[in-house]
Structures are given as C-alpha cells and as structure tokens.
Amino acid sequence: MAQTMLEVDNLATGYGAVQALKGVSLHVDKGEIVTLIGANGAGKSTLLMSICGEPRARAGRVLLDGEDITARPTHEIMRGGVAQSPEGRRIFPRMSVLENLVMGAQAAGQDPATQLPRVYDLFPRLKERQAQRGGTLSGGEQQMLAIGRALMSRPRLLLLDEPSLGLAPLISRQIFAAIRALNESEGLTVLLVEQNANQALRLAHRGYVLVTGRITMSGSGAELLARPEIRDAYLGGSH
Amino acid sequence: MAYALQQLINGISLGMIYGLIAVGYTMVYGIIGMINFAHGDIFMVGAFISLIAILMLISGGMMEGPAAILLVLVISMAFTALYGWTVERVAYRPLRGSFRLAPLISAIGMSIVLQNFVQVSQGARVKPLEPQITGGVELMREGNFVVQLSYMQILIIVSTLAVLAIFTWLVTQTALGRAMRACEQDRKMAALLGINTDRTISLAFVIGAALASVAGTLYLLRYGIADFFMGFIVGVKAFTAAVLGGIGSLPGAVLGGLLIGLIETFWSAYFSVQYKDVAAFGILVLALVFLPTGLLGRQEVEKV
Ligand SMILES: Nc1ncnc2c1ncn2[C@@H]1O[C@H](COP(=O)(O)OP(=O)(O)O)[C@@H](O)[C@H]1O
Ligand SMILES: [Mg+2]
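Criteria and cut-off values
- Residues numbered from 1 in each chain as written.
- Chains lettered and ligands numbered in written order.
- Predicted model: local features only at pLDDT ≥ 70, side-chain atom pairs only at ≥ 80, totals over all residues.
- Heavy atoms only, no water.
- Helix = DSSP H or I, 4+ residues; strand = E, 2+ residues; numbered from the N terminus.
- Rg over C-alpha atoms; globule rule 2.2 N^0.38 Å.
- Buried < 20%, exposed > 50% of the residue type's maximum accessible area, 1.4 Å probe, protein only.
- Contact = heavy atoms within 4.5 Å.
- Lys, Arg positive; Asp, Glu negative; His and termini not counted.
- Charge placed at Lys NZ, Arg CZ, Asp CG, Glu CD.
- UniProt positions renumbered as here; feature names shortened; annotations may be inferred.
- Buried area = accessible area lost by both parts, 1.4 Å probe.
- Salt bridge = Lys/Arg side-chain N within 4 Å of Asp/Glu carboxyl O.
- Polar contact = N/O pair within 3.5 Å; in protein donor to acceptor, adjacent residues only side chain to side chain.
- 1 Å grid on protein atoms, 1.4 Å probe; cavity = no way out; pocket = protein on both sides within 12 Å on 5 of 7 lines; lining within 4 Å.
- Points joined across faces, edges and corners; volume = space filled by probe spheres on them.
- Nonpolar A, V, L, I, M, F, W, Y, C, P; charged D, E, K, R; others polar.
- Core = buried A, V, L, I, M, F, W, Y, C linked by side-chain atoms within 4.5 Å.
- Near = heavy atom within 4 Å.
- Areas by Shrake-Rupley, 256 points an atom, 1.4 Å probe, with all protein chains shown as cover.
- Domains from an automatic or database assignment.

Moving on, we come to the overall build of chain B. Broken down by element type, chain B carries 11 helices and 4 strands. In summary, chain B has a C-alpha radius of gyration of 19 Å against a globular reference of 19 Å for 304 residues, a match within 12%. In chain B, which comprises 304 residues, the share counted as buried stands at 52%. When contacts within chain B are restricted to residue pairs at least 6 apart in sequence, those whose partners lie at least 24 apart make up 76%. In chain B, 17 positive and 14 negative side-chain charges are present, and the distance between their average locations comes to 8 Å.

As structure tokens, this is what we get:
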C-alpha cells in the first residue's frame with residue numbers, strides 16, 4: 001500500500017470575493033509524479049500556493065505525511081520539506097544565480113555546499129552562469145534556476161507551477177527529463193501543474209483535471225490522455 | 001583655499017551622520033515600501049540614551065578614553081534598537097496588508113508619540129553636554145587661518161566607516177543580509193523559501209535603529225545638545241539624503257548623506273547660516289521633481 005505524502009481534503013480558498021477553489025480533494029503518494037491540468041484561471045496556481053499557506057485555506061485541510069499543516073505559517077511549511085517553483089519563476093533579479101540557489105538552501109537548514117553539486121549536475125547551465133544576475137538569464141535558464149533553487153532545500157515534496165510555460169520545445173523537454181530523472185533517481189515526489197497537458201500526462205503517474213475551482217476528472221496519465229474530452233479541451237484535439 | 005578645505009572636512013563629517021540615518025530610511029523603504037517617519041525620532045532617542053549613559057559614566061568618574069565612548073555607543077545601539085523593534089512591532093506590523101497609507105499615518109503618529117514621550121520623561125528644555133572630546137590635528141595654515149581635523153571629526157569619520165563596513169558585510173555576505181535582500185526583491189518568494197519575513201523585517205528595523213543611534217551619539221558629542229525635537233530637522237535632511245541618493249539604494253543613502261552634509265556646510269559658510277535648512281529642503285524638492293529615482297536609484301524595477 002503506497003504511503004500518502006500530500007493529502008488535500010476539500011480545500012476552499014480565494015481572494016476577497018473571488019472563490020478560486022471550491023472544495024478540492026486530491027492526494028499525492030510518496031515517490032509519485034502527479035499532474036494537475038486545467039485551463040487558465042482554473043485555480044491551479046492558487047492550489048499550489050494554498051498548500052504553502054498563501055492564500056490561507058478558508059475550509060478544508062492540507063496534510064503532509066499525515067500532519068495537518070493547514071494553519072502553519074508559510075515559512076514553517078517550506079522548512080518542513082515542501083518546495084515550490086512558482087508561477088512566473090520569481091527569480092531574485094538582483095541576486096546572482098549562486099545567491100538565488102543559496103537562498104533555496106539557507107532557511108531550510110541545508111548546507112549549500114552539499115546541495116550545489118546535485119543541482120549543477122542536473123542543470124550544468126546554471127554552473128556556467130553562477131556569477132550572473134538572476135534578472136539577466138533567459139526564460140529557460142530562469143526556469144532551471146527556479147527548479148534548482150527549490151531543490152536546494154532537499155524537499156520531500158516538490159511543487160512545480162507550469163515549468164514549460166514560454167519555453168522552446170527543446171528546453172521544455174530538457175526540463176521534463178530533469179523532473180523524471182529526479183523522480184527516478186531520488187524518488188522525489190512531485191505535484192506538477194501544467195497547461196501543456198500532453199507532455200505532463202505522459203510524464204506523470206496520475207493526473208487530475210481542475211475546472212473553475214473543482215476537480216472534474218482523475219486517473220492515470222494514460223487513462224486521461226485517452227479520454228476524448230481531455231483531447232478536445234486540453235490537447236487541442238490534434239494529437 | 002584653506003577655508004574651503006576646512007568646510008570640506010566639516011561637510012564630510014556632518015554628511016556621514018546624515019548618511020547613517022539615511023541608511024535606515026532607505027533600508028525600510030526597500031523592504032516594506034514605506035517611509036518610516038519616526039526614524040528621525042529614533043535618532044533623537046539614540047542621542048538621549050547616549051546622553052543618559054554619558055551622564056551616568058561622568059557621575060561614576062568613568063567617562064575617560066575611547067573605551068568609554070565605545071561603551072556609550074554600545075549601550076545606545078542596544079536600547080535604541082529595542083525602540084526600533086518596538087515601533088515596528090506595535091505600529092507597523094499590525095497594518096501590514098492594510099491600505100498603503102495606513103502605515104505612513106501610523107509612522108507620523110509614532111513620531112509624535114516618541115517626541116512627546118521624551119518631552120515628558122526628560123523635559124522640554126534643550127539638554128547641554130559639555131565637550132567630551134577636544135583638540136585636533138592641525139592640517140595646514142594659511143595666514144592665520146588654521147585648517148583643523150578635530151579628534152571629534154576623526155571619531156565621526158572612523159566610527160561611521162567602521163559601522164558602515166560591518167553593515168555592508170552583513171548585507172552582502174551573511175544569511176541575514178541575503179534574506180533582507182530577498183525580502184526587498186520579492187517578499188512572497190522569500191517566504192516560499194522558508195524565510196520568516198516578519199522576523200527579517202523586524203531585524204531591518206533593529207539594524208536601522210542601531211545605525212541611527214550611532215548617528216545620535218556622534219551628533220550629541222559633536223554639537224553638545226539634545227532635545228526632544230532634534231529628530232525632526234535632522235530626520236528630514238537624512239530623508240532628503242536617501243531620496244537624493246535613490247531611495248532603496250544603500251550606497252545611495254551614504255552618498256546622499258555626504259552630499260547633503262557638504263551642501264549644507266558650504267551653503268552656511270559662503271551664503272547664509274540662517275537659511276541652511278532651506279538649502280536642504282530645496283534640494284528635497286528639486287530631487288523629487290527632477291531626479292525622482294535619485295543618483296544611484298534604479299530607473300525601473302527589472303522585469304522578470
Ligand atoms: N492575487 C489574486 N487576486 C485576485 N484574484 C486572483 C489572484 N490570483 C488569482 N486570482 C483569480 O483566481 C482564479 C484562479 O487563478 P489561478 O489560480 O491563477 O489559476 P491558474 O493557475 O489555473 O491559471 C482566477 O479567477 C484568477 O483571476
Ligand atoms: Mg497559474
């Protein structure tokens with residue numbers, strides 16, 4: 001029986017009068033890659049952020065390894081083994097690549113010196129650029145940096161928000177390959193948000209479909225890929 | 001020539017005091033985007049704490065030598081830092097996430113509270129302090145005009161440089177400094193990396209207040225007076241320095257402080273002592289109109 005790493009139970013939240021999530025339940029098992037697909041504005045980013053406590057849940061619970069983290073401050077959740085590469089990457093533009101990476105490790109209590117080689121192995125490009133300011137990187141490099149920075153904390157659970165957005169197909173394939181490699185070599189557990197449903201469903205063990213704040217479908221990656229409504233809505237019907 | 005050189009020395013030592021205060025304005029602005037109007041009064045509190053410490057040391061017969069000055073500085077930094085921390089905790093943190101003007105109004109209120117508190121507890125009269133550090137080094141002589149670098153000015157220059165060196169190291173090399181810069185660039189992301197952003201903001205206030213207290217101590221020793229209202233004018237000048245240097249820029253704050261000190265000193269020396277404050281305010285207006293991003297400020301936030 002697989003061990004549940006993340007359990008989101010009937011989570012509801014929003015911004016002011018906007019109800020962005022209306023009771024979302026999902027779970028991610030240890031060692032799994034789970035993807036969450038959905039149209040723009042469905043609430044995917046809100047879900048990842050709300051797992052991290054910002055915006056706070058208005059109803060429902062978030063459990064990490066069975067522990068209720070719903071009411072914890074964001075920084076405690078992140079020190080407790082969750083890391084996120086957020087929407088828009090949010091690289092610190094006026095810090096060097098190296099400093100961005102060190103930021104990933106320092107608060108989580110990891111030694112940057114031991115974590116850096118792992119990240120540089122995965123993304124050698126970052127090593128070449130380590131003295132450069134974050135704001136001067138290309139989109140693909142920034143995405144690598146955002147993921148690398150998240151990995152510096154040695155998370156149990158990695159949350160990735162649209163890592164392929166705006167990237168050339170070749171770069172986005174590299175990023176997906178890196179995610180798979182991490183999952184296979186380290187058993188890293190990943191919750192991946194994507195609009196690029198085709199690639200995401202091929203990579204993931206399981207997937208969920210989010211439509212305006214509610215989960216409407218779930219299943220294995222292959223199952224969801226085969227569903228006609230998914231093909232029409234998220235794959236452009238051309239695959 | 002000799003006269004100008006003397007003004008240069010005076011201007012730099014005054015400017016360093018402004019720079020120390022300006023760093024506190026700019027640091028807080030960088031991290032939480034507000035002008036801490038109570039910062040000038042924190043400087044005033046720092047001067048008063050030093051005054052009390054000095055008077056106690058004098059009455060104990062221990063106000064002798066550099067060790068005593070250092071002790072006064074440390075005492076003043078510690079207590080003033082506590083004031084800075086408290087101001088943030090009581091008046092600003094509860095308003096975080098409120099509308100933008102709220103902390104600004106609260107800061108003006110805090111400024112009045114600090115002034116009235118000192119006025120009531122210490123009295124409204126100007127407190128004199130006899131010179132503690134006298135004498136100096138004669139640099140040059142032109143006719144009967146002597147250019148002198150006083151020991152007091154040496155103390156100002158040396159201690160400011162030392163404090164700023166430690167501060168620079170802290171900001172650029174330490175985990176706390178990185179966390180502060182991260183909060184300044186993207187506070188939400190800093191939290192997503194496990195940074196306790198409230199604590200980091202508190203520490204920025206603590207550090208800013210400690211720097212202001214060094215300025216307060218030096219100002220007290222240099223000019224030999226303290227009163228509850230002294231933080232206003234000095235605070236506005238330091239704020240002007242921060243704007244002139246580019247609000248949010250730490251080197252800019254120091255540069256702006258030096259420029260304001262020099263302009264004020266030369267203005268007083270060659271034009272009018274009475275109107276020296278007008279010069280500073282005039283620069284504030286000119287800077288806001290013609291150079292709103294300041295000398296070392298960023299033209300625009302970098303797009304990511
Ligand atoms: N900061 C915000 N303030 C107000 N509304 C927001 C904010 N962020 C997102 N929303 C709204 O919440 C809903 C979900 O947005 P989001 O989670 O970003 O969707 P997705 O990531 O799936 O594109 C949308 O209706 C969006 O307009
Ligand atoms: Mg999104």
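Residues and elements named next belong to chain B. According to UniProt, the positions carrying the feature "transmembrane region" (unreviewed entry) are residues 12-35, 42-62, 68-87, 150-171, 201-222 and 279-297. Helix makes up 88% of residues 12-35 and strand makes up 0%, while its end C-alpha atoms are separated by 25 Å. Its end C-alpha atoms 29 Å apart, residues 68-87 is made of 100% helix and 0% strand.

In this section: the environment of A:Ser220. Residues and elements named next belong to chain A. Relative to the helices and strands, serine 220 resides in strand S10 (residues 214-220). On a C-alpha basis, the gap between serine 220 and glycine 207 in space is 5.9 Å, while along the polypeptide they are 13 residues apart. Look past the residues within four positions of serine 220 in its chain and what remains in contact with it is His205 and Arg206.

Let us look at the interface of chain A and chain B. Accessible area lost on assembly of the parts is the figure often given for the size of an interface. Listed by partner, the interface residues are 25 residues for chain A and 21 residues for chain B. Taking both sides of the interface into account, the surface hidden between chain A and chain B amounts to around 2,300 Å²; carbon and sulfur atoms contribute 59%. Among the residues chain A hides against chain B, the three largest losses belong to A:Arg90, A:Phe92 and A:Arg94. Together they make up 28% of the total. The tally of links from chain A across to chain B stands at 3 salt bridges. When the shortest N-O distance is used, the salt bridge between A:Arg94 and B:Glu184 registers 2.9 Å. One can count 8 residue pairs in polar contact (both at pLDDT 80 or more) joining chain A with chain B.

All names here are of chain A. The omega angle of the peptide bond from glutamate 54 to proline 55 is 5 degrees, so this bond is cis rather than trans. In the Ramachandran plot, asparagine 10 falls in the positive-phi region, its phi being about 55 degrees despite a non-glycine side chain. By the secondary structure assignment, asparagine 10 is in strand S1 (residues 4-15). Residue asparagine 10 is classed as partly exposed on the basis of its relative accessible area, which comes to 46%. Residues other than glycine seldom take positive phi values, yet glutamate 162 does so here, at roughly 45 degrees. Its place among the elements puts glutamate 162 in the loop between strand S7 (157-161) and helix H7 (169-186). According to the relative accessible area criterion, glutamate 162 is buried, its value standing at 7%.

So, about the layout of surface pockets. Any empty space left between the atoms is revealed when a probe the size of a water molecule rolls over them. For the largest pocket, the calculated volume is near 1,300 Å³. What lines the largest pocket is a set of 50 residues, among which A:Arg94, B:Gly30, B:Glu184, B:Gly248 and B:Arg298 lie closest to the centre. Mapped onto the lining of the largest pocket, the elements with two or more residues apiece are helix H1 (2-32), helix H5 (151-173), helix H6 (175-185) and helix H10 (250-270) of chain B. In terms of residues, the lining of the largest pocket owes the most to one element, H1(B), which gives 7 residues. The class makeup of the residues in the lining of the largest pocket is 24 nonpolar, 13 polar and 13 charged.

Ranked by internal contacts, the top residues of the largest apolar core, which has 117 residues, are A:Leu6, A:Leu26, A:Leu47, A:Ile51 and B:Tyr92. Once residues lying within four places of it in the same chain are set aside, the contact partners of A:Ile51 are A:Leu6, A:Val8, A:Val62, A:Ile69, A:Ile77, A:Leu159 and A:Leu191. Membership of the second largest hydrophobic core comes to 33 residues, among which are A:Ala83, A:Val119, A:Phe123 and A:Leu188.

Turning our eyes to something else, we now look at the site of ligand 1. Residue and element names in this part refer to chain A. The environment of ligand 1 is made up of Tyr15, Ala20, Ala39, Asn40, Gly41, Ala42, Gly43, Lys44, Ser45 and Thr46. A distance of 2.7 Å separates an oxygen atom of ligand 1 from a polar backbone atom of glycine 41. In the environment of ligand 1, an oxygen atom lies 2.4 Å from a nitrogen or oxygen atom belonging to the side chain of threonine 46. In the complex, 61% of the free accessible area of ligand 1, which totals 560 Å², lies under the protein chains. Ranked by the residues each element gives to the shell around ligand 1, the list is headed by helix H1 (residues 44-51), at 3 residues. For the shell around ligand 1, the residue count by class is 4 nonpolar, 5 polar and 1 charged.

Right, let's talk about the domain arrangement of chain A for a bit. Residues and elements named next belong to chain A. One can read the domain layout of chain A as domain 1 (1-81 + 156-168 + 187-239) and domain 2 (91-155). On a C-alpha basis, the centres of domain 1 and domain 2 stand 24 Å from each other. Each side of the interface is counted separately: domain 1 has 10 residues, and domain 2 has 10 residues. Run the count over domain 1 and domain 2 and you get 0 salt bridges. For the interface between domain 1 and domain 2, the tally reads 0 residue pairs in polar contact (both at pLDDT 80 or more). In terms of residue count, S7 provides more of the side of domain 1 that touches domain 2 than any other element does, 3 residues in total. When its residues are assigned to classes, the side of domain 1 that touches domain 2 shows 6 nonpolar, 1 polar and 3 charged.

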